Amino acid sequence: NYLAGITAGDWWRLLRENRFAVDPAYWHRAAFISLASLMNSRASRREERRFGDAVARTPVQPPLFVLGHWRSGTTHLHNLLAQDTGQFAFANTYQALNPRTFLSTEAVNTRRFAWLVPKQRPMDNMAMSFQSAQEEEFAPCLTSLRSPYVGISFPRREDHYAQYLSFRGAPPADVEAWKKAFVGFLKKLSFKHQRPLVLKSPPHTARIRLLLEMFPDARFVHIHRDPYAVFQSFRHYFDTATWYTYLQRPEPSGIDDRILRRYTDLYDAYFDERHLIPAGRFHEIRFEDLERNPLGELATLYERLGLLDFELARPRL
């Protein structure tokens, strides 16, 4: 459960804004999160004292953002680009789920708790571990509580959290809180790795304007897939992975409508804002082409985005 990485203050705030409405079937889950949050808070205070000033001074080099709807191949593309460790760093699973503490706890906890991580993701057969490249949406979600992902845990307020998909119409204070949390996490990653970051988060597909405000020299690659396949795969995702995150009983009968509404909201924002990306900093890939010819498609991506020599990355790919 991604909330296991939250600190006590943020966990209390999240419960309070949802009126402490955790259904009895999930009280054991809330108890586990509460216990973990106390340990996280202690580690967070220690980490801030040790690394806070150095992290604050660390610049974030222009990232490469992988865009695309959930179940469109974003993880596959992200995993491939993450192999280019000479050029990129990335957020792994432990770091994304423990944004306030990973600098001081990762080395020990990834060994101590590796058995808690399934070998494969519950919605597909993609390999999974603490070291796997992970979408960084979880990090600002845990530290700002402004993310559509919170609406999966608290489905009775899903419509409220849906505004944080694109942040269009969201209160300015919420936008700034998310931006501060997001940049803060990227600073920690940059401090640790001292390299540009390759980042993947499906909600970013609806946030191009916001991302360019923070990183005007960022690069973007968008991967898309047959929408009928995406719909079926996303429905399977709701039948599998999301059950690990609920704190309130969901209403399964509305899943199809929610999938279609989210798809529309995400791509309305994407098509409205795509033109804002400067020439030479955007490329699109079809999932089917990447699956058929991964090296050829990546070589084209490197050329179109002006990345470092593809031949340097080819052996690892």
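Residues numbered from 1 in each chain as written. Predicted model: local features only at pLDDT ≥ 70, side-chain atom pairs only at ≥ 80, totals over all residues. Heavy atoms only, no water.

Novice: Just checking my understanding: could you explain empty space enclosed by the protein for this structure?
Specialist: Gaps between atoms show up when a probe of the same size as a water molecule is rolled over them. Under the defined criterion, the tally for this structure stands at 1 cavity of 30 Å³ or more. Roughly 40 Å³ of internal volume is contained in the largest cavity. Gly-151, Ile-152, Pro-155, Glu-158, Phe-238, Tyr-246, Pro-250 and Arg-258 are the residues that line the largest cavity. (1 Å grid on protein atoms, 1.4 Å probe; cavity = no way out; pocket = protein on both sides within 12 Å on 5 of 7 lines; lining within 4 Å. Points joined across faces, edges and corners; volume = space filled by probe spheres on them.)

Novice: What's the story with the pattern of salt bridges in this structure? I'm lost.
Specialist: Close approach of charged atoms lets side chains of opposite charge pair. Following the criterion strictly, the structure yields 22 salt bridges and no others. Of the charged contacts in the structure, one is a salt bridge between Glu-284 and Arg-274, with a shortest N-O distance of 3.7 Å. A residue pair is termed long-range when its members are at least 10 positions apart, and Glu-284 in strand 4 (residues 282-286) and Arg-274 in the loop between helix 12 (255-273) and strand 4 qualify at 10 residues. The partly exposed category is assigned to Arg-274, whose relative accessible area is 29%. (Salt bridge = Lys/Arg side-chain N within 4 Å of Asp/Glu carboxyl O. Helix = DSSP H or I, 4+ residues; strand = E, 2+ residues; numbered from the N terminus. Buried < 20%, exposed > 50% of the residue type's maximum accessible area, 1.4 Å probe, protein only.)

Novice: Explanation requested: the packing of helix 11 (residues 227-240) against helix 12 in the structure shown.
Specialist: Contact pair helix 11 / helix 12: the axes reach a minimum separation of 10 Å and the direction vectors enclose 130°. Judged by the angle between their axes, helix 11 and helix 12 are oblique. The handedness of the crossing between helix 11 and helix 12 is right-handed. Counted together, Pro-227, Val-230, Phe-231, Phe-234, Arg-235 and Phe-238 of helix 11 and Ile-255, Asp-256, Arg-258, Ile-259, Leu-260, Arg-262 and Tyr-263 of helix 12 form the full contact between these two elements. Here the residues of the contact of helix 11 with helix 12 sort into 9 nonpolar, no polar and 4 charged. (Axes fitted to C-alpha atoms, helices over the stretch in contact; angles between N-to-C directions. Parallel < 35°, antiparallel > 145°, perpendicular 65-115°, else oblique. Left-handed = near helix turned anticlockwise from the far one by under 90°. Contact = heavy atoms within 4.5 Å. Nonpolar A, V, L, I, M, F, W, Y, C, P; charged D, E, K, R; others polar.)

Novice: Quick question: what am I supposed to make of the packing of aromatic side chains here?
Specialist: Between two aromatic rings, the relevant description is the distance of the centres plus the angle of the planes. Counting across every chain of the model gives 24 aromatic pairs. Aromatic side chains Tyr-237 and Phe-238 sit 5.8 Å apart centroid to centroid with 85° between the ring planes, which places their arrangement in the edge-to-face category. Both residues of the pair, Tyr-237 and Phe-238, belong to the buried class. The interplanar angle of 85° and the centroid separation of 5.0 Å between the aromatic rings of Trp-243 and Tyr-246 together place this pair among those described as edge-to-face. Look at Trp-243 and you get partly exposed, because its relative accessible area is 37%. (Phe/Tyr/Trp six-rings, centres within 6.5 Å; stacked < 30°, edge-to-face > 60°.)

Geometric values such as these leave the question of function open.
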